[in-house]
Structure formats: structure tokens, C-alpha cells
Amino acid sequence: MGIEVLNSLPSACEVIVVGGGGSGLAAAVSAAETGARVVVLEKNPELGGSTRWSVGSVTASGTPHQRRAGITDSTEAHFEDLGKMDGALVARDNPTLRRLLTENVPATFAWLRGMGVEFHGPMEEPPHRVARMHIVLPNSKAYIYHLARRARRLGVDIRPSAHVRRILVEGRRATGVEIEGPSGTHIMRAGRAIVVAGGDYSGNARMKAELIDPLLGAVPAVNPTATGDCQRMVEQIGGKIVNGDLALGPVLRFVRPPKRKLYERIPPHRLLTMAMRFAMTHAPGGLIRPFIMRFMTTVLAPEMGLFRDGAVLIGSRGERLPFEGTTPGKALAATADNRGFILLGEDLAARYAAWPHFVSTAPGVAYAYLPDYRRTRPDLCHRGADVAAIAGALGADAAILGETIAKTGLKGPYHALGPLQALVVYTDGGVMVSERLEVMHGDGVAFAGLYAAGSTGQGGVLLEGHGHHLGWAFTSGRIAGRHAALHQTGAS
């Protein structure tokens, strides 16, 4: 099938946004609010990207939630504290973009709330000197719901199942994109600018293996459709990926529940989320805790304290998976089926029923103990009076598991949590950008009319801790969209 040129431009489409996740929708809304006619091209049949898979926190200073809690904060303090999270990687951070985030995320937070997004918090997370982490209500899909609704009300043309394959350039100016869609391959021209916001490459086996570690190539991603399309397209025209070797993973995660949990089905309507925030702030903890537990036992990872106290990571056959000198995630990822369990004896299971021995935690929110998992995730909890019984519960080889138990000294009855799998949560390699989020050529000169946002436009900024990846997604999208809409108008 030949290539068709879509002749509805430039007046019908001034800004093209590639990607319909959190950063792409933020860019589209921002560009439309600035007065541009915008098209969003999303390769998947539905919107959401990695944002809809996230825990959902945004970390920001100077929020109404902080003021209600009597917290005095500043963007400068946030800038300093975020830098403390860099650790040994501090020399690889991009302080210019870190400041862009911390100085602008308060306005982004207010912007999201103005669309109807509601938050609970703030929550503490060291080394932040004050509580800054805000949890979206009821879940991360609320971002996509409200951003998409706002975009449509502004007249944004949202086109799902439109896979952008190539950025078109003339010299150093981006002029359009080549799209593969249901009806064939098309060329779409941008009257003003293009924003690439296609996410990371955690789901791209080749890029993970080449840029990070050959082991990661076979490790699945939380979002398997995050395949680094935009990074690859920018490289094809001479751009550069920064910090391409950094990723969160492989890490241990419990498998998702067989059915959608209640919290995932709650509609993100504003009156409901405001009522939820009021209840979470004022209702007795005993009433709210069951809801929080259903959330936590679905999305969070096991704590390393389990293994330090004697729990054993085993593979699906019952073999011990040692990880001295490496990590539990890498040990599990190296197995043939990427499937394992955490094995505990009776004494350790009893210890992890109460403070301070918790299975999982969300910083500043709550702690989940073994009884919480038994109540909210019975599919993950297994018990056997003897080796044969626990092996049968796990589908493991009784002889292999018996040998493991004999060597580790665990005493029955036996308990196990799982299945677990090793996953890549995200990659941190984004294309090199300017302070205005213009995509830069490898020689340091910006492309005209080409901007990047979210993980695609991370540009070397390190986003450690909770709430910074989403904060960057929405903030960079908001800024990139505005600049794209103003491109060639003489405004800045």
C-alpha cells in the first residue's frame, strides 16, 4: 500500500503529539490551551501508556495539602532533596532539568487538580525534609481519564492505533511524521511543531540488552508496549540517548491478581474522589486500612528484610536461588521460567504478622503484613504442614524443595508467598533536550519544531524516589506542549 499525504495541514494540525500516555496527553492539553490545533497519535488501541500502570504518586512542594498540614516548603528545598537521592550517580544528573521539574511541578499539581484530579497526602519519604508525596485517588487511571476528557473538550483530535514510524526532517527542522495505521501508511505534516512522548523502552528486548545488560533482554516489562519508539526515531535523525544504561529492574513483583481488584474499578469522578480524600484524612484508620491494603498487595514488591531475616527465594522447582553479590531480581530473571516464591518457616511467618516486620510498604502510607496478604491476596499465600504438602501447593519438586529446606534450616509448617516474577519497571534513558525541552542533535544544536516529554524527553535528569517520574511526565508535557504551540510565533 502506498504512502498517502494527509492534506488537512497546516491549519487543521499545528501540533502533533506522538504518544497518548500521561506526558503526551499533558502536552496535548497544554498545546490546545495555548491555542494550537492538536492531534495525538497513539499506537495502542487505548490511551494510558505507562502512567496507567503506575502507583500514581506525584511529589511536589508548596501544595494546598502541605499548607493544610502546616508544612512550609519551597522549590529550592525540593531541588536539594531530590539531588540527595542521586547517590553515586550524582555526576550523571542533569541539574538544569532537575530544577525545571522542581520549580514547575507545583503549578503542574494545581493544573491537574483544576481538571478534576484529586490527591491524598502529603506523605513522607526520606531524604525529603518534609512530606511532599501525594497519592492520586482512586488510582493512576484518574490521570488519563481527566487529561483525555480535558483534551477532547479542547478539540484535540485523538487517534488510537496510529503507530508513528518515522520523524520527517528537512535539514534541522522537523516537519511531520510517517504513520502506520489501520488503513495503511500516511504522512502527516505539522504546521508548528511535534512533541515526542512515547515513553521508555522497558518493553524493548533489543534496546535493554544493548544499552543496559544482556540479561535484561529477556526480562518482561511492567508495560510491555513501552518499546522506545520515539528514542529510536530521534536517534535515526541524529539525536542522542542520555543515561541509556539506567533502569529500575529486574526487580521482584508478585503476579497480578487473576481478577481486577476493587480499587481498579472505582470511577475517578471528582465528587467520589473528594469524598475518598475526606475519609482517608478524617475516618478512623481501621475503616480505611482494608482499602489501602487491597491497593498495596496488588502493586508493591516484597521487602528485602524478609531475606535478611531468613526467608528463602526459591525457583518454581523448589531450588534455592542465591543472590549473594547480585540481587533477588537478577537471580530470578536468570531462571528458565522467571517464576519463584518466598519460602518461610512457621516462626518467620509469625514474626511478619506485625510491626516492625512488614512484607511490603508504600513510604508514608501504610505497611502490609502476612495476614494482609492472606486476606486480600489469598492467591499468593500457600501453607503446608510438611515438605510434601508445601511442594504440592507450589507445584514444586518435593525432592528438590526438601533439599532446599534441609540446607536452610527452615522449620515447618511452611509458608510461601508467590508466584513472583522479575520485571523491569522503567528505563531512564531519554533523548538529549534543552531547557525548553527541544530535542537536540548529537552535536548540541536543537532541532527546530521538535520537542520531547516524559521518559522520551528525560534528558539525563535522575528521578529517584516516588512521585518524580510522574511529576516529570506531566510537567515536561505541560512545558513542551506550550513551547510547541508557540513555535514560530515569536513568543517564548
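Provided above is the structure to which this section pertains.
Now for a look at the structure at hand.

Procedures and definitions
Residues numbered from 1 in each chain as written. Predicted model: local features only at pLDDT ≥ 70, side-chain atom pairs only at ≥ 80, totals over all residues. Heavy atoms only, no water. Buried < 20%, exposed > 50% of the residue type's maximum accessible area, 1.4 Å probe, protein only. Helix = DSSP H or I, 4+ residues; strand = E, 2+ residues; numbered from the N terminus. Pairing = 2+ DSSP bridges. Right-handed = clockwise from strand over helix to strand, strands pointing away. Axes fitted to C-alpha atoms, helices over the stretch in contact; angles between N-to-C directions. Parallel < 35°, antiparallel > 145°, perpendicular 65-115°, else oblique. Contact = heavy atoms within 4.5 Å. Nonpolar A, V, L, I, M, F, W, Y, C, P; charged D, E, K, R; others polar. Salt bridge = Lys/Arg side-chain N within 4 Å of Asp/Glu carboxyl O. Phe/Tyr/Trp six-rings, centres within 6.5 Å; stacked < 30°, edge-to-face > 60°. Lys NZ or Arg CZ within 6 Å of the ring centre and 35° of its normal.

So, on to the pairing of strand 2 (residues 15-18). Of the two faces of strand 2, the one lined by V15 and V17 and the one lined by I16 and V18 are each fully buried. The pairing of strand 2 with strand 3 (residues 38-41) spans 4 bridges and is classified as parallel. Within strand 3, the residue paired with V18 across the bridge is L41. Once the chain exits strand 2 it traverses helix 1 (residues 22-33) before rejoining the sheet at strand 3, and the crossover so formed is right-handed. The sheet contact formed by strand 2 and strand 11 (residues 193-196) spans 4 bridges and is parallel. Looking at strand 11, one finds that V18 is bridged to V196.

In the contact formed by helix 4 (residues 95-115) and helix 5 (residues 141-153), the axes pass within 9 Å of each other and the chain directions differ by 75 degrees. Considering the angle they form, helix 4 stands roughly perpendicular to helix 5. Contact residues: helix 4 offers W111, L112 and M115, while helix 5 offers Y143, H146, L147, R149 and R150. When the residues that make up the contact of helix 4 with helix 5 are grouped by side-chain class, the tally is 5 nonpolar, 1 polar and 2 charged.

Further remarks concern the sheet that holds strand 4 (residues 57-59). The strands making up a sheet are joined through hydrogen bonds of the backbone, oriented either antiparallel or parallel. Taken together, the 3 strands give an open sheet; going across it, the order is 4-6-5, and neighbouring strands pair in antiparallel fashion. Edge positions in the sheet fall to strand 4 and strand 5 (118-123), since each has one partner strand and no second. Pairs of neighbouring strands in the sheet enclose a mean axial angle of 30 degrees, with direction left out of account. Relative to strand 6 (residues 133-137), strand 5 is paired through 4 bridges, and the arrangement is antiparallel. Each bridged residue has a counterpart across the sheet, and for M123 the counterpart in strand 6 is M133.

Okay, the environment of G121 next. With respect to the secondary-structure elements, G121 resides in strand 5. On the accessibility criterion, G121 (27% relative accessible area) is partly exposed. When the C-alpha atoms of G121 and I135 are compared, they prove to be 6.3 Å apart, with 14 residues separating the residues in sequence.

This part takes up the pattern of salt bridges. Tallying each qualifying case throughout the model produces 26 salt bridges. Linking R150 and E33 is a salt bridge whose minimum nitrogen-to-oxygen distance equals 3.1 Å. Remark: E33 occurs in helix 1 and R150 occurs in helix 5; sequence separation between them is 117 residues. Among the residues examined, R150 registers a relative accessible area of 31% and is labelled partly exposed. On the basis of relative accessible area, E33 is assigned to the partly exposed category, the value being 36%. Three or more residues are tied together by salt bridges with common partners; here these are D73, E80, D81, K84, R129 and R132.

Below, the discussion takes up the packing of aromatic side chains. Using the criterion set out here, one finds 8 aromatic pairs in the structure. Between F119 and Y143, the aromatic rings sit 6.1 Å apart at their centres with planes inclined by 50 degrees, giving tilted as the arrangement. Note that F119 is positioned in strand 5 and Y143 in helix 5, a separation of 24 residues in sequence. With a relative accessible area of 0%, F119 lands in the buried category. A residue is classified by how much of its surface remains accessible, and Y143, at 0% relative accessible area, is buried. Taken together, the ring pairs in this structure connect F109, F119, Y143 and F474 into an aromatic cluster. It is R98 that lies over the ring of F79; its NZ or CZ is 4.3 Å from the centre. One residue, R99, lies across the ring of F79, its end atom 3.8 Å from the ring centre.

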